[in-house]
Amino acid sequence: MFVLAMRSIRQRPGRFLATLLSAFLGAAIVMTFNSMHDTAGQPGVDPVSKETLSTAAGVVGGYGTLLVFFAIASTLTVNVRQRAAEMELLRCSGATPAQIKRMVVGEALAVALVGAALAIGPALLGGRALLEVFQDSGQVARSVGHSFGPVALSSGIGITLSAAVGAAFLAVRRATGGSRQRGRARTVLAYAALVAGAASATSTFVFSATDAALMAPPAYGAILLSVGCALRAPRLLAAVLDRLPLGGASGWLAVRNLRERAGQLAGILMSLILFTAVATATLTMQAVESDAVEASGMVKSVDAKNLETLNFTVVGIIVVFVCVMLVNSLYAATSYRVREFGQQRLAGATPGQVLGLVGVEGLILMVTGVFFGTLAALAGVVPFTVARTDEVVPGEFFGIGAAVVAVAAVVTLGTSLATARRTLRTPAVGAVAVA
């Protein structure tokens, strides 16, 4: 099966580009930040610099691990789903589910290894640039030199390969069976995350307004709540569709298509919810904290500067990863509908009507993801703001929320419409025949 996996990659390398890009970006981010562990472990590094570097590596490295898994899982799931006919042919030819699983895992391992190897050079440069950021802000001494050693290499390659194997197992399991057990486990995890998130956000009121750890409980609460909502993405989408008063042919078709493909679109909706919640909550709470410190006339401590840098860095990483995941998933999901678009055009739909359909679908997905992501963000922002400033909803929330919505709209609608427009260049008869 490993030979078959290598043959599959060589014959159609284009189908693995999304997974390769996810593995490359994930490995680069993990190695970049874990090189701070190598740097902190050098002899002669002062305690303050060591704490800053170790904190950055630990916090962002943890986020990076989760994001690598989600990114690779989303691309592999789409890849495996689109190859359902090929896998069914293999099974009819005598291949067992275990052999197909080994083939998919072999493909994922090979692609992830190439992505991790390509990421070493950019990660080395990124680590040096990150160290300079810490030094320019006074958080790390100028005498500290960058080190890219065994921690960065082993973590980057190990995490990327482990994520690829785990994601491949999940993707092929979805395609070959086990959906009922997976659905029950997903429901349990979703409710556990929602309960834990609510408890974490509520615990904010235990801290005082000037406590250094005040931002941690609401931030983790918002993240856990967004994870819980993301795991329930298919159900949330179905609930929204049942209440949409859309009229006209495009609206009716969009709702019908989204309802039939709710499970397939879960990855896109998950990405939107996580992006909206984490970006809005983190940036809003950091803005409230910075304004409160400025209003008090105090000077930010080294720990406060570390937290601010980490918050902006984490949000930046999430934005990059989510954009990659969304673009990959939307591109694959839309380009795979070439036969459907061809059939609609043969039935009398114009290219403009097909684009209108895709636009309505993208708008519904975007609004649904932003809505539930915003609710999760508010569950963290409100307790933090009440404890820190005695307000309820800070003014900073609205500007940051608008910016997050704008990014989500550009990525979701832009990718969907651009891909659909490109797909429509294929003649309708040819589109139906090719697929």
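This section reports on the structure supplied with the text. (Residues numbered from 1 in each chain as written. Predicted model: local features only at pLDDT ≥ 70, side-chain atom pairs only at ≥ 80, totals over all residues. Heavy atoms only, no water.)

1. Examining the side chain of T282
Then, in step 1: Relative to the assigned elements, T282 resides in helix α12 (residues 266-296).
Then, in step 2: The contacts of T282, once residues within four sequence positions are left out, are N311 and V315. (Helix = DSSP H or I, 4+ residues; strand = E, 2+ residues; numbered from the N terminus. Contact = heavy atoms within 4.5 Å.)

2. Some thoughts on helix α2 (residues 17-40)
Then, in step 1: With 24 residues, α2 should reach 34 Å at 1.5 Å per residue; the first-to-last C-alpha distance of 35 Å fits that figure.
Then, in step 2: Of all 24 residues making up α2, 18 are buried, and the element is well covered by its neighbours. (Expected span 1.5 Å × (residues − 1). Buried < 20%, exposed > 50% of the residue type's maximum accessible area, 1.4 Å probe, protein only.)

3. A look at the side chain of T412
Then, in step 1: Turning to its location among the elements, T412 is positioned in helix α16 (residues 396-423).
Then, in step 2: With residues up to four places along the chain from it excluded, the contact list for T412 reads L272, L326, L330, G362 and M366.

4. Observations concerning the nonpolar core
Within soluble globular proteins, side chains that are nonpolar generally end up buried alongside one another.
Then, in step 1: Grouped together as the largest cluster of nonpolar side chains are 81 residues, with contacts concentrated most on L53, I72, V104 and F321.
Then, in step 2: Top contributing element to this core by residue count: helix α13 (residues 302-335), with 12 residues.
Then, in step 3: Those residues in contact with L53, other than ones at most four positions away along the chain, are M36, T39, A40, L131, F134, V140 and V144.
Then, in step 4: In terms of nonpolar packing, the next biggest core, distinct from the first, is built from 10 residues, A281, M285, A377 and V381 among them. (Core = buried A, V, L, I, M, F, W, Y, C linked by side-chain atoms within 4.5 Å.)

5. Digging into the packing of α2 against helix α5 (residues 97-118)
Then, in step 1: Here α2 crosses α5 at 45°, and the two axes come no closer than 7 Å. Relative to α5, the element α2 lies oblique. Once α2 is placed against α5, the crossing between them reads as right-handed. Each of T19, L20, A23, F24, A27 and M31 in α2 lies in contact with α5, whose residues at this interface are V111, A112, V114, G115, A116 and L118.
Then, in step 2: Grouping the amino acids of the contact of α2 with α5 by side-chain chemistry returns 10 nonpolar, two polar and no charged. (Axes fitted to C-alpha atoms, helices over the stretch in contact; angles between N-to-C directions. Parallel < 35°, antiparallel > 145°, perpendicular 65-115°, else oblique. Left-handed = near helix turned anticlockwise from the far one by under 90°. Nonpolar A, V, L, I, M, F, W, Y, C, P; charged D, E, K, R; others polar.)

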